[in-house]
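Observations on chain architecture
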Amino acid sequence: MSFLTFVIAAAVLAITPGPGIAYVVARTVACGRAEGLASCFGTGIGGMLHVLASALGLSLIVAQSALAFNLVKYLGAAYLLYMGIRLLLRKDQALSFEPVASQGAHRAFLEGIVVEAFNVKTALFFLAFLPQFVSPGEPLIPQLVLLGSICVALNTLVDVVAVFAAARLLKSGVARAARARLLTKASGITMLGLGAYLALARREA
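Now for a description of the structure that goes with this document. The written sequence of each chain sets the order in which its residues are numbered from 1. Thresholds applied to this predicted model are a pLDDT of at least 70 for local features of residues and 80 or more for the giving and counting of side-chain atom pairs; totals over whole chains, interfaces and linings are not thresholded and use all residues. Just so you know, side-chain values use all the structure's heavy atoms and leave hydrogens and water out.

1. A closer look at the overall build of the chain
Heads up, the condition is: Each helix is a run of DSSP H or I of at least 4 residues and each strand a run of E of at least 2, with the numbering of both proceeding from the N terminus. Exposed residues in this analysis have more than 50% of their type's maximum accessible area, buried residues have under 20%, and partly exposed residues fall in between, with area computed by a 1.4 Å probe over protein chains only. In this analysis, two residues are considered to be in contact whenever any of their non-hydrogen atoms come within 4.5 Å of each other. To measure how exposed things are, a 1.4 Å probe is used in the Shrake-Rupley method; for residues, cover is taken only from the protein chains shown.
For the chain, the helix and strand inventory stands at nine helices and zero strands. Order of helices (α) and strands (β) in the chain, N terminus to C terminus: α-α-α-α-α-α-α-α-α. Relative to its full complement of 205 residues, the chain shows a buried share of 42%. Intrachain contacts of the chain at a sequence separation of at least 6 include 85% that bridge at least 24 residues. In the form shown here, the chain has an accessible surface area of approximately 10,900 Å², with 70% of it arising from carbon and sulfur atoms.

2. Topic: helix α1 (residues 2-15)
Our working rule: By this rule, a helix spans an expected 1.5 Å times one less than how many residues it contains.
For α1, which comprises 14 residues, the first-to-last C-alpha distance of 20 Å matches the rise-based estimate of 20 Å (1.5 Å per residue) to within 8%. Within α1, burial applies to Thr5, Phe6, Ala9, Ala10, Val12, Leu13 and Ala14.

3. So, the side chain of histidine 50
With respect to the helices, strands and loops of the structure, histidine 50 is situated in helix α3 (residues 33-64). With sequence-adjacent residues up to four places away left out, histidine 50 is seen in contact with Glu116, Ala117, Phe118, Asn119, Thr122, Ala123 and Phe126.

4. Considerations on the nonpolar core
The criterion, for reference: The term nonpolar core refers to a set of buried residues drawn from Ala, Val, Leu, Ile, Met, Phe, Trp, Tyr and Cys, joined through side-chain atoms within 4.5 Å.
The biggest cluster of nonpolar side chains holds 22 residues, and the ones touching the most others in it are Phe6, Phe125, Phe126, Phe129, Leu130, Leu144 and Cys151. Looking at this core, the elements with two or more residues in it are α1, α3, α4 (66-89), α6 (120-129) and α7 (140-164). Among the elements that make up this core, the one with the highest residue count is α7 (five residues). Ranked by size, the runner-up nonpolar core spans 12 residues in total, among them Val24, Leu37, Val158 and Val160.

5. Comments concerning the side chain of glutamate 116
You can see glutamate 116 is positioned in helix α5 (residues 105-117). Discounting chain neighbours no more than four positions away, the residues touching glutamate 116 are Thr43, Gly46, Gly47, His50 and Thr122.

Printed below as a string of structure tokens:
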């Protein structure tokens, strides 16, 4: 049940329009599909760096104190609730595509790694999200790496689809804005429900 909840939440978050999708689409429109795909895989590698850092950091916390790790879980659930409220209260905004200069697929790949690796919001999300779904009786690091890898794979898959559909996505600004609003609201509701469910479930444990 927890794994199913995780997959649903991760999938909803992956398809929610945000800076990552805007970045790869902008590079595709300005520089071509090859650079767009290269940037997708670059951000994927950057995401995996966050996964590994989160797994190592959280394993150190649980090694020091089970109480500290439980505190991290509660703070994570609270952070998910906070994110859900922010998404629901966010004013309607069209997904903007800033101009990107062509620099070659190799440079796009490296830039994608750097951009994602220094994304503080990604680090906070993994620290809040991943611990909610681990089993205390199993080795921690493999679980965190597996769950984080699923998140990164879903995000990268959505980015790749966005690259191939970039021209179509840009045809109608009104339709794009409507899709963005719908997916943002769906993501906010998912985050609220997930945060509340996890907080209550932990109290019963």
